[in-house]
Amino acid sequence: MIETATKQPPLAGIRVIELARVLAGPWAGQMLADLGADVIKIENPDGGDDTRQWGPPFVEAADGENLSAAYYHAANRGKRSITADLKSTEDQDLVRRLIATADVVIENFKVGGLVKYGLDYDSLRKLNPRLVYCSITGFGQTGPYAGLAGYDYIVQGMSGFMSITGEPDGQPMKAGVAIADIFTGIYAVSAIEAALIHALKTGEGQLIDMALLDVQSAVLANQNMNYLISGTAPTRLGNAHPNISPYEVVPTADGYLILAVGNDGQFRRLCAILGLETIADDERFSTNKARVANRGEVRRLISAETLKLQKADLLKACEQNAVPSGAINTIEEMFADPQVKARDLRIDLTDAAGTIIPGVRTPVVLSETPLRYISPSPRLGEHREEILAELAELERKASS
C-alpha cells in the first residue's frame, strides 16, 4: 500500500506553490504531494498557517519542542515550507520567482486579495502562461457574495446541509468534520489535474474558481434531486434515509447498530432473522415505496425485536443472511478494525529530527504509480535555504 522506491508517483515533476491556509487549500496541496508533486507551502513568518495553533492536542518532539497542533498535521504532510511576508516587496518578488518555476498555484485569499501584491492570476499568467491557478473562496469569483469571507460551518448552514442533518425535533446539525472544506479540497485536486492535462497538451494555463458554497450545495446529491423533482424541501430525519426503509440506526440489548436494507429481498431476510415473517408480505411493508410511506411503523416493529438481541449476535446473523448491517465504531475502534489495518490506512512518518508523527494516507491506491508518503508536515520555514538554493540553480539554468 505504501509507495515502493522503484516507481515514480503520478505527479512527479509537477511543482505546486501553496498560498493557502487552514483546510480546503492545504487539503488539496497534501493530496497533490501524496500523488508526487513538489508542494512548496508559503507561510506568514508570524506564526504560519493558522492551524499550527489550533490545539490541543499538539505534536511534541522527542526534545519537547512544540511541532504544531494535530490539526495542522492533518493537512500538510509531504510539503516543504518557506516563509514570506507578502507585505514586503522583496518577499513578493521571491514568491513571483517561485511561481515562475511552478505548474500550479493554490490560494485561498478573499476575492481580489492578492491583486495588491501582484500575485493574482491576471498578473501571474503574464509571468507564466502555462500556470494552473486554483483560487478557493467561500463563494467564488462572481455573484453578490463574492467579496465575503467564507467559513465551512456557515457554508454547511447556507447550503441546506444542516437542514437535513439532525433529529427532526432537534437543532439543525453540522457534520463532525469540516466537510465543505474537505470536499472542496478534493474537487480542487480533480480540477487541477484536468487543467494540468490541458496545460501539458497546449501550453495554456487557466484559472480554477472553487467555491465552498458551490461544492457543499452540489454534494447534497439525491437530496437535491428529491427537491427538484417533488418541489418539497427535504427535512431532518435523524439517522433515517429519505428514500429507503429500514435504512437507519436500530437499538439492541447492548447498544446500537446500522441496518442498511436496500431492497425487498434484504427486507424479507431481515424479517426472518427477527421472527417477523408475516409482515414481509403485508402490503404496508412489502415494497420499499410502502415502507418509506410507513417508516414509523417499520421502525417500531423492527426495533421491538432488535432490542431483544445482543449487538454481536444480530450483526453475525445479518452477515450470514446477506442483510447489510454495521457497527458504529469510535475513531479508536475504527483504527483497530482489522479491515482498516489491512488497508494500511494509518501511516507513521519520521521527520528530520527523528520524531515519528502518525497520519492517515490518502484513500487512493494506484497499481502502477503508487502514491508516496515521504515526510510529515514541515516545521515553519524548515526548507527555506534548500528552496532558495534550488531556485537560484533553476534561474541560472534558465538564463544560460
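Our structure's up above, just so we're on the same page.
Residues numbered from 1 in each chain as written. Predicted model: local features only at pLDDT ≥ 70, side-chain atom pairs only at ≥ 80, totals over all residues. Heavy atoms only, no water.

Caption draft 1: View of the overall build of the chain. What the chain contains, in helices and strands, is 15 helices and 13 strands. Long-range contacts, defined here as pairs at least 24 residues apart, represent 68% of the contacts in the chain between residues at least 6 apart. Taken as two groups, the 39 positive and 51 negative side-chain charges of the chain have centres that lie 3 Å from each other. (Helix = DSSP H or I, 4+ residues; strand = E, 2+ residues; numbered from the N terminus. Contact = heavy atoms within 4.5 Å. Lys, Arg positive; Asp, Glu negative; His and termini not counted. Charge placed at Lys NZ, Arg CZ, Asp CG, Glu CD.)

Caption draft 2: Spotlight on the packing of helix α3 (residues 89–100) against helix α15 (residues 384–399). For the pair α3 and α15, interaxial distance at closest approach is 10 Å and the crossing angle is 60°. Taken together, the axis directions place α3 and α15 in an arrangement best described as oblique. As α3 packs across α15, the resulting crossing turns out to be left-handed. Facing Leu94, Arg97 and Leu98 of α3, the residues of α15 in contact are Arg384, Ile387, Leu388, Leu391 and Glu395. Tallied by class, the residues present in the contact of α3 with α15 amount to five nonpolar, no polar and three charged. (Axes fitted to C-alpha atoms, helices over the stretch in contact; angles between N-to-C directions. Parallel < 35°, antiparallel > 145°, perpendicular 65-115°, else oblique. Left-handed = near helix turned anticlockwise from the far one by under 90°. Nonpolar A, V, L, I, M, F, W, Y, C, P; charged D, E, K, R; others polar.)

Caption draft 3: Highlighting helix α6 (residues 179–202). Relative to the 34 Å expected for 24 residues at 1.5 Å per residue, α6 spans 34 Å between its end C-alpha atoms, a close match to the ideal helical length. The positive-phi residue at the C-terminal boundary of α6 is Gly203, with phi of around 80°. (Expected span 1.5 Å × (residues − 1).)

Caption draft 4: Region of the structure containing helix α9 (residues 264–274). Taken together, the buried positions of α9 are Gln266, Phe267, Leu270, Cys271 and Leu274. The buried side chains of α9 occupy one side of the element, clustering within an arc of 140° when seen end-on. At its buried positions, α9 is contacted by β10 (255–260), α10 (288–293), α11 (295–306) and α12 (311–320). Sitting at the amino-terminal end of α9 is Asn263, which places a side-chain oxygen 3.1 Å from the backbone nitrogen of Gly265. Immediately beyond the C-terminal end of α9, within one or two residues, lies Gly275, with a positive phi of roughly 75°. (Buried < 20%, exposed > 50% of the residue type's maximum accessible area, 1.4 Å probe, protein only. Arc of directions from axis to C-beta. Polar contact = N/O pair within 3.5 Å; in protein donor to acceptor, adjacent residues only side chain to side chain.)

Caption draft 5: Representation of a nonpolar patch on the surface in the model. A surface patch of nonpolar side chains, amounting to about 530 Å² of accessible area, comprises Tyr145, Leu148, Tyr151, Ile154 and Met158. Structurally, Leu148 is set in the loop between β7 (132–137) and α5 (152–158). With a relative accessible area of 47%, Leu148 lands in the partly exposed category. (Patch = residues over 30% accessible without salt bridge, like charges linked within 9 Å, V, L, I, M, F, W, Y side chains within 5 Å. Areas by Shrake-Rupley, 256 points an atom, 1.4 Å probe, with all protein chains shown as cover. Salt bridge = Lys/Arg side-chain N within 4 Å of Asp/Glu carboxyl O.)

Caption draft 6: Structural detail: the packing of aromatic side chains. Evaluated as defined, the whole model comprises three aromatic pairs. Taken together, a centroid distance of 5.1 Å and an interplanar angle of 85° make the contact between Trp54 and Tyr71 edge-to-face. Taken as a pair, Trp54 in the loop between β2 (38–43) and β3 (58–60) and Tyr71 in helix α2 (residues 70–73) lie far apart in primary sequence, 17 residues in all. Here Trp54 falls in the partly exposed class, since its relative accessible area comes to 41%. For Tyr71, a relative accessible area of 30% corresponds to the partly exposed category. Centroid distance Tyr121 to Tyr133: 5.7 Å. Interplanar angle 55°. Geometry classified as tilted. Here Tyr121, found in helix α4 (residues 121–127), pairs with Tyr133, found in strand β7; they are 12 residues apart in sequence, far enough to count as distant. (Phe/Tyr/Trp six-rings, centres within 6.5 Å; stacked < 30°, edge-to-face > 60°.)

Caption draft 7: Quick peek at unusual backbone geometry. Look at the link from Pro56 to Pro57: it is a cis peptide, with omega at 0°. Tracing the chain through its elements places Pro57 in the loop between β2 and β3. Residue Pro246 is bonded to the preceding Ser245 through a cis peptide linkage, with omega at -5°. Turning to its location among the elements, Pro246 is positioned in the loop between α8 (221–230) and β9 (247–252). In this model, Ser68 sits at a positive phi of 90°, which is unusual for a non-glycine residue. Structurally, Ser68 can be placed in strand β4 (residues 66–69). A relative accessible area of 9% places Ser68 in the buried class. Positive phi, normally seen in glycine, also occurs at Asp344, with a value near 55°. Following the sequence through the fold, Asp344 ends up in the loop between α14 (338–342) and β12 (346–350). The exposure class of Asp344 is partly exposed, given its relative accessible area of 32%.

Keep in mind these numbers describe shape, not what the thing actually does.
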